[in-house]
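A structural walkthrough
Letter by letter, the chains look like this.
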Amino acid sequence: MDLRSTIESQFRLTTTQKKALEKIGLKTIEDLLFYFPTRYEDTTKLKNIADLEAGDKPIIYAKVKSIRMGKTFMKKTPITEAILEDSTGTVKATWFSQPYIAKMLKVGTSAKFQGTISERNKQLYITNPEYKNLNSIPLVTSDSLFNQKITDNFIYPVYPESRGITSKWFYHTMLKIFKAGILDEIEDTLPEKILRKYHLPSLKTALIWIHSPQKKSDSLSARKRFAFEEIFFIQLSRAKQKKEYQSYPSFRIKKTKKDMAKFISRFPFKTTNSQTKSINQILDDFGKDYAMSRLLEGDVGSGKTAVAASAIYAVTTTPPKNQPSAKLQTAYMVPTEILAKQHFESFIQYFAHLNINIGLITSSGCRKFPSKVDPTGWTKISRAQLLKWVANGEIPILIGTHSLISKSVVFKNLAFVIIDEQHRFGLMQRQGLAQKTNICSDNKNIMPHLLSMTATPIPRTLALTIYGDLDLTLLDQMPHGRKPIITEIILPDKREKTYEQIKIELKKGRQAYIICPRIDEPDPDKATALRVKSVKAEASRLKKDIFKEYEIGILHSKMKPAEKEGVMGDFTEGKITLLVATSVIEVGVNVPNATIIILEGAERFGLAQLHQLRGRVIRSNHQAYCYVFSETKTKKTSDRLNALQTTKNGFELAEHDLTLRGAGELTGRKQWGISDLGMEAIKNIKMVEASRLEAQKLITTNPDLKKYPLIKKKITQIQNSTHFE
Ligand code: ADP
Ligand code: MG
């Protein structure tokens, strides 16, 4: 057996097990070793029913002996009562307001239960216990993996399983692999110095500790090591990219604040301090020898476009070296065609007075401003014509969708690349645009300045990691004069009253969004789905019972693009008053007259996501309202939602999400390519800073990583795998 051996060749597997391994994506012994448990269970919490005492919160394994549904005497709340049984005795279990339990837990079902034990009339019972069916439970006491008594202190690993492959199987298999001496083959990827400095276990030790810890602290040390390692390698790969980017020359652009004042004063508003600061930071970057790579993060509506436009002004008014009559070029990429057109229109307003050409490229057509016939308007032109003008430098500003990345788009003097709503693009697309080398021979390998913009609020630790190759600017101030949004958390008893308040606004001519967690009616057999509102059902309920006299439209991701556009058009024109939608309302949808947003099932969303959703309605000078409808009354949930009232800033809310609910709640988390374990590190600012520091040190002293072949290999893997970002 060695690391490269297939699991199949070393262990006898059933067909089901083979399928399961394939499904999880495990082929080799090495894959298996790096498949980690997600948690450990502590057998000290396990109890036999005969040993229960009031006040305990034990885990018991039991069979359902009987179960029945009823209503409480006073309040008529649904109540489910069951008798649970193990080999030592029986205990009563009660659930309130969870009528589906009886459907899930039929008589005879074996399950694991956990809940608090109480006592009434000298009888013990367990209230609202959580449960998990036994056929999905990895290890059962009666069939003890460890052959130890329940009372022994032991923690056992729980792996993400698939049918046929249990945690028990993983555990035994790992032990066999350890025994075969495989670990001696493994070289440590982290430099010895770093391990010592941060008291991290060696790779070999960490593997043993993560799969078969003797005590909790061992498993924690091991997890810490792997979390550190993951973040360290991401940091390293980003630091390397940055170094490479900066090793090329750029177009130097020298503009003073004074040069900019005239352009900035043309905006129909006064820029915020935050905008001014961001513009100045960009001008500083422009003056350096190497290309800028900067991320501008700001809530929806914070005015990122004005910052970008100012930077474009600096670029277009700078001639390239030795070509005094030519202009440096800017490419501005946005995720949707609607947005591209919107930006094209606003840029005409911003730049028309400079007498320059502005181009638009999307998959459905191209435009150019100004038109020959009407110098104040634009005209449609052929793609070939547009590309010709871009290539000979006559179009200094080109706006477009991902069509911009296409090979046929070639610039003469591309000095500046802007990627708007960058979280909507993959890493490859972002790099694709930034790395467009110019055809003009004297400009070869000159890197354009890069400005990425996003409204996804993420915690600082995460930003430092995934955007480690970018410098960060926060636009953390909203434009002046905008009335702060009024946010209210609405519990079920205030629902009707709130609808009345909303009607007052609708009578004034305003419009509203209603956001629901799902599209279709839930499957009634799924316990968790029961109380979650769906777009379709909610729209018909509102039409029937609440907003009879208004037009109601629906919008969700399963609709065809043309259908979506139709509905959005009707909403923009006011033909539809209420729009019931899922949380994925098109980015950049801008309907200033929509000033109300209702967020249904709010407890299911992260705070930062709720915040982003409410950003939809702060688009005008009308008072905006956000009603957060919550069905749960627990203090924890309401405390969490209350943060929406006190915190107006998306970044702070993202931090809240991280500390209150964990990394899983962060908006957009799937696209970052960080494992759950790596996400544990994101919670720990010290760990992120340490890994960042070490990554930067290593890349400064060993830019080509020649001395560290293992690390180099790993970095290449990371850079290849983030294609799917
Ligand atoms: P985002 O950051 O979401 O891209 P935009 O750039 O689209 O935001 O700006 C949102 C709106 O705010 C636009 O209508 C823009 O003209 C306006 N705006 C931008 N900056 C200011 C400002 N300093 N004062 C007032 N309005 C502003
Ligand atoms: Mg924008």
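Keep in mind the model is a prediction, meaning the values are calculated, not measured.

1. Regarding the overall build of the chain
Scanning the chain from N- to C-terminus turns up 24 helices and 22 strands. For the chain, the proportion of its 725 residues judged to be buried stands at 52%. Once local pairs closer than 6 in sequence are excluded, the contacts in the chain between residues at least 24 apart make up 71%. Carbon and sulfur atoms form 52% of the exposed surface of the chain, whose accessible area is close to 34,800 Å². Positive and negative charge centroids in the chain, built from 112 and 75 side chains respectively, lie 3 Å apart.

2. Some remarks on the site of ligand 1
Around ligand 1 sit 15 residues, and of these K270, G301, K304, T305 and R482 come closest. Contact between ligand 1 and G301: an oxygen atom at 2.7 Å from a main-chain N or O atom of the residue. Considered class by class, the residues forming the shell around ligand 1 number three nonpolar, seven polar and five charged.

3. Side note on helix α18 (residues 561-572)
Counted at 1.5 Å a residue, the expected span for α18 with its 12 residues is 16 Å, and the 16 Å between its end C-alpha atoms agrees. Three or more residues of α18 are buried, namely V567, M568 and F571. Each buried residue of α18 lies within a common arc of 100 degrees when the element is viewed along its axis, so the set occupies one face. Residues of α18 that are exposed and angled more than 90 degrees away from the buried face: A562 and E565. Where α18 is buried, its residues meet β18 (511-515), β19 (552-555), β20 (578-581) and β21 (594-599). Remark: G574 follows α18 within two positions and exhibits a positive phi of approximately 85 degrees.

4. Focus: the pattern of salt bridges
Scanning the model with the defined rule gives 28 salt bridges in all. Close ionic contact of K242 with D471 constitutes a salt bridge, the shortest N to O distance being 2.9 Å. Taken as a pair, K242 in helix α8 (residues 216-246) and D471 in strand β16 (residues 471-475) lie far apart in primary sequence, 229 residues in all. One salt bridge connects E573 with K575, and the closest N-O pair in it is separated by 3.2 Å. Each member of the pair, E573 as well as K575, is classed as exposed. Through salt bridges with shared partners, one network takes in D188, R225, E229 and K714.

5. Regarding the pairing of strand β14 (residues 414-419)
Buried residues dominate β14, accounting for six of its six residues. Strand direction decides the pairing type here: β14 and strand β15 (residues 449-454), joined by four bridges, are parallel. Each bridged residue has a counterpart across the sheet, and for V417 the counterpart in β15 is L450.

6. Digging into the sheet that holds strand β22 (residues 625-629)
Strand order in this open sheet of six strands is β17-β22-β21-β18-β20-β19, and the pairing throughout is parallel. What marks the edges here is a single partner per strand, and that holds for β17 (486-490) and β19. Direction aside, neighbouring strands of the sheet carry axes that sit 20 degrees apart on average. Relative to β20, β18 runs parallel, the two being bridged by four bridges. Residue pairing for β20: A512 is matched across the bridge by L578. Where helix α20 (residues 635-646) meets the sheet, its contacts fall on β17 and β22, and the angle it forms with β17 comes to roughly 165 degrees.

7. A closer look at the nonpolar core
Counting 60 residues, the largest nonpolar core has F228, F232 and L236 as the members making the most contacts within it. Considering every element that reaches this core, the biggest residue donor is α8, with nine residues. Each residue touching F228, except ones within four places of it in the same chain, is listed here: L190, I194, Y198, L200, M687, A690 and S691.

8. Structural notes on the packing of helix α10 (residues 273-286) against helix α11 (residues 304-316)
Across the interface, α10 lies against α11 with an axial gap of 9 Å and an inter-helix angle of 30 degrees. The handedness of the crossing between α10 and α11 is right-handed. When α10 is examined against α11, the residues Q275, S278, I279, I282, L283 and F286 are found in contact with a partner set consisting of A306, V307, S310, A311, A314 and V315. When grouped by side-chain class, the residues that make up the contact of α10 with α11 number nine nonpolar, three polar and no charged.

9. Comments concerning helix α7 (residues 203-211)
Restricting attention to buried positions, one finds in α7 the residues L203, A206, L207, I210 and H211. For α7, the buried positions fall inside an angular range of 115 degrees around the axis, keeping them on one side. Residues of α7 that are buried in the fold lie against α3 (29-33), β1 (39-42), β7 (155-158), α5 (167-179), α8 and α22 (676-682).

10. Some details on the pairing of strand β5 (residues 110-120)
With five bridges joining them, strand β2 (residues 59-71) and β5 adopt antiparallel strand pairing. In the strand pairing of β5, Y61 is matched with K112. With nine bridges connecting them, β5 and strand β6 (residues 123-133) associate as antiparallel partners. If you follow S118 over to β6, its bridge partner there is Y125. Remark: two residues form the turn of the hairpin made by β5 and β6, two consecutive strands paired antiparallel; N121 in that turn has positive phi of roughly 50 degrees.

11. Side note on the sheet that holds strand β3 (residues 78-86)
Here five strands make up a closed barrel; going around it, the order is β2-β3-β4-β6-β5 and the pairing mixed. Averaged over neighbouring strand pairs, the angle between their axes works out to 45 degrees when direction is ignored. Where β3 lies against strand β4 (residues 89-96), eight bridges are found, and the strand directions are antiparallel. By the bridge assignment, E81 is partnered in β4 with T94.

12. Focus: the side chain of T336
Take T336: it is sitting in the loop between β9 (329-333) and α12 (337-351). Here the side chain of T336 touches L339 through a polar contact of 3.2 Å, landing on its backbone nitrogen.

13. Notes on the environment of C626
Take C626: it is sitting in strand β22. Overall, the relative accessible area of 1% leaves C626 in the buried class. Put simply, C626 and I83 are 543 residues apart on the chain and 45 Å apart in space, counted from C-alpha to C-alpha. For C626, the residues in contact, after removing those within four places along its chain, are I485, I486, T487, E488, I597, L599 and R614.

14. Brief notes about the packing of aromatic side chains
Summed over the entire model, instances satisfying the criterion amount to 26 aromatic pairs. The ring of W378 has R367 sitting right over it, with the charged end atom 3.8 Å from the ring centre. In this arrangement the basic side chain of K368 is found over the ring face of W389, its NZ or CZ atom lying 5.1 Å from the centre.

About the thresholds
- Residues numbered from 1 in each chain as written.
- Chains lettered and ligands numbered in written order.
- Predicted model: local features only at pLDDT ≥ 70, side-chain atom pairs only at ≥ 80, totals over all residues.
- Heavy atoms only, no water.
- Helix = DSSP H or I, 4+ residues; strand = E, 2+ residues; numbered from the N terminus.
- Buried < 20%, exposed > 50% of the residue type's maximum accessible area, 1.4 Å probe, protein only.
- Contact = heavy atoms within 4.5 Å.
- Areas by Shrake-Rupley, 256 points an atom, 1.4 Å probe, with all protein chains shown as cover.
- Lys, Arg positive; Asp, Glu negative; His and termini not counted.
- Charge placed at Lys NZ, Arg CZ, Asp CG, Glu CD.
- Near = heavy atom within 4 Å.
- Polar contact = N/O pair within 3.5 Å; in protein donor to acceptor, adjacent residues only side chain to side chain.
- Nonpolar A, V, L, I, M, F, W, Y, C, P; charged D, E, K, R; others polar.
- Expected span 1.5 Å × (residues − 1).
- Arc of directions from axis to C-beta.
- Salt bridge = Lys/Arg side-chain N within 4 Å of Asp/Glu carboxyl O.
- Pairing = 2+ DSSP bridges.
- Axes fitted to C-alpha atoms, helices over the stretch in contact; angles between N-to-C directions.
- Core = buried A, V, L, I, M, F, W, Y, C linked by side-chain atoms within 4.5 Å.
- Left-handed = near helix turned anticlockwise from the far one by under 90°.
- Phe/Tyr/Trp six-rings, centres within 6.5 Å; stacked < 30°, edge-to-face > 60°.
- Lys NZ or Arg CZ within 6 Å of the ring centre and 35° of its normal.

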